[in-house]
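Architecture and fold: a report
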Amino acid sequence: MTLNADARELLRLIAESPQPVVASSFFHTIHPPNFGRSVAEDDPRREAWTEKQIGLYGEMLKLHEEALIRIVHPSDGERPDLVEVTNAGRALLV
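Residues numbered from 1 in each chain as written. Predicted model: local features only at pLDDT ≥ 70, side-chain atom pairs only at ≥ 80, totals over all residues. Heavy atoms only, no water.

Some words on the pattern of salt bridges
Basically, it comes down to this: Throughout this description, the term salt bridge denotes a Lys or Arg side-chain nitrogen within 4 Å of a carboxyl oxygen of Asp or Glu. The secondary structure listing takes helices from DSSP runs of H or I that are at least 4 residues long and strands from runs of E that are at least 2 residues long, numbered from the N terminus.
This model, assessed by the stated rule, comprises five salt bridges. Across the pair arginine 45 and aspartate 43 runs a salt bridge, and its minimum N-O distance is 3.1 Å. Across the pair glutamate 84 and arginine 70 runs a salt bridge, and its minimum N-O distance is 2.8 Å. One end of the pair, glutamate 84, is in strand β2 (residues 82–85); the other, arginine 70, is in strand β1 (residues 69–73), and 14 residues separate them in sequence. Overlapping salt bridges, with partners in common, bring together Glu9, Arg12 and Glu16 in one network.

Here's the deal with the side chain of threonine 86
We count it as follows: Categorising residues by exposure relies on relative accessible area from a 1.4 Å probe, with only protein chains included: less than 20% of the type maximum marks a residue as buried, more than 50% marks it as exposed, and the intermediate range marks it as partly exposed. The contact definition used throughout considers only heavy atoms, calling two residues in contact when any of these lie within 4.5 Å.
Positionally, threonine 86 belongs in the loop between β2 and α4 (87–93). On the basis of relative accessibility, which here comes to 8%, the residue threonine 86 falls in the buried class. Residues within four places of threonine 86 in sequence aside, it is in contact with Ala67, Leu68, Ile69 and Arg70.

As for the layout of surface pockets
Heads up, the rule is: Using only the protein atoms, space was sampled on a 1 Å grid; points where a 1.4 Å probe fits but cannot get out form cavities, open sets with protein on both sides within 12 Å along at least five of seven lines form pockets, and lining residues are those with an atom within 4 Å of a point. Grid points are joined across faces, edges and corners, and a volume is the space filled by probe spheres set on the points. Following the grouping adopted for this structure description, the nonpolar residues are Ala, Val, Leu, Ile, Met, Phe, Trp, Tyr, Cys and Pro, the charged ones are Asp, Glu, Lys and Arg, and the polar ones are all others, Gly among them.
As a volume, the largest pocket reaches approximately 190 Å³. In terms of lining residues, the largest pocket is bounded by Val22, Ala23, Ser24, Tyr57, Met60, Leu61, His64, Ile69, Ile71, Pro80, Asp81 and Val83. Of all the secondary-structure elements, those providing two or more residues to the lining of the largest pocket are α3 (44–65) and β1. With four residues, the single largest contributor to the lining of the largest pocket is α3. Considered class by class, the residues forming the lining of the largest pocket number nine nonpolar, two polar and one charged.

With respect to the packing of aromatic side chains
Aromatic ring pairs: the centre-centre distance and the angle between the two ring planes describe each pair. Where we set the bar: Two aromatic rings from Phe, Tyr or Trp, using only the six-membered ring of Trp, form a pair when their centres are within 6.5 Å; if the ring planes differ by under 30 degrees the pair is stacked, by over 60 it is edge-to-face, and anything between is tilted.
A full pass over the atoms with the stated rule returns two aromatic pairs. Arranged with centres 4.7 Å apart and planes meeting at 85 degrees, the rings of phenylalanine 27 and tyrosine 57 form a pair that is edge-to-face. Of this pair, phenylalanine 27 sits in helix α2 (residues 27–30) while tyrosine 57 is found in helix α3, placing the two residues 30 residues apart along the sequence. Overall, the relative accessible area of 2% leaves phenylalanine 27 in the buried class.

Some points on helix α1 (residues 5–16)
For clarity, the threshold we go by: Working rule for helices: expected span equals 1.5 Å times residues minus one. Any pair of N or O atoms that falls within 3.5 Å is considered a polar contact. Within protein, one atom must be able to donate a hydrogen and the other to accept it, and sequence-neighbouring residues count only if both atoms are side-chain atoms.
Along its twelve residues, α1 runs 16 Å from first to last C-alpha, staying within 8% of the 16 Å computed at 1.5 Å per residue. All buried positions along α1 are accounted for by Ala7, Leu10, Leu11, Leu13, Ile14 and Ala15. Taken together, the buried residues of α1 touch α2, α3, β1, β2 and α4. One side-chain oxygen at the N-terminal end of α1 lies 3.0 Å from the backbone nitrogen of aspartate 6; it belongs to asparagine 4.

Some thoughts on the environment of proline 33
Within the element layout of this structure, proline 33 appears in the loop between α2 and α3. Taking relative accessible area as the criterion, proline 33 reaches 39% and is therefore assigned partly exposed. Sequence separation between proline 33 and glutamate 65 is 32 residues, and the spatial gap between their C-alpha atoms is 28 Å. Excluding anything up to four places from it in sequence, proline 33 contacts His28 and Trp49.

Read these as spatial facts, not as claims about activity.
What follows is the structure in structure tokens.
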């Protein structure tokens, strides 16, 4: 399986964690905002960044569907799913 750059980086960051993590906590690390807080909602930079964040959710789902990450602790209404990398995911990173 071939991963795009975003999926590979997300998988790598999850794999580096010593315990299960919320995958979306890495989204701003992968694509940090390139605009100030006061930028309008319809600013092209904000819209492009939002699309990248949504794309990362899609990549997270693909990693789960391909059994490269697994949910260790399902969401409970107070926190999102906690995930970890599977052996297949670690093998793909080598």
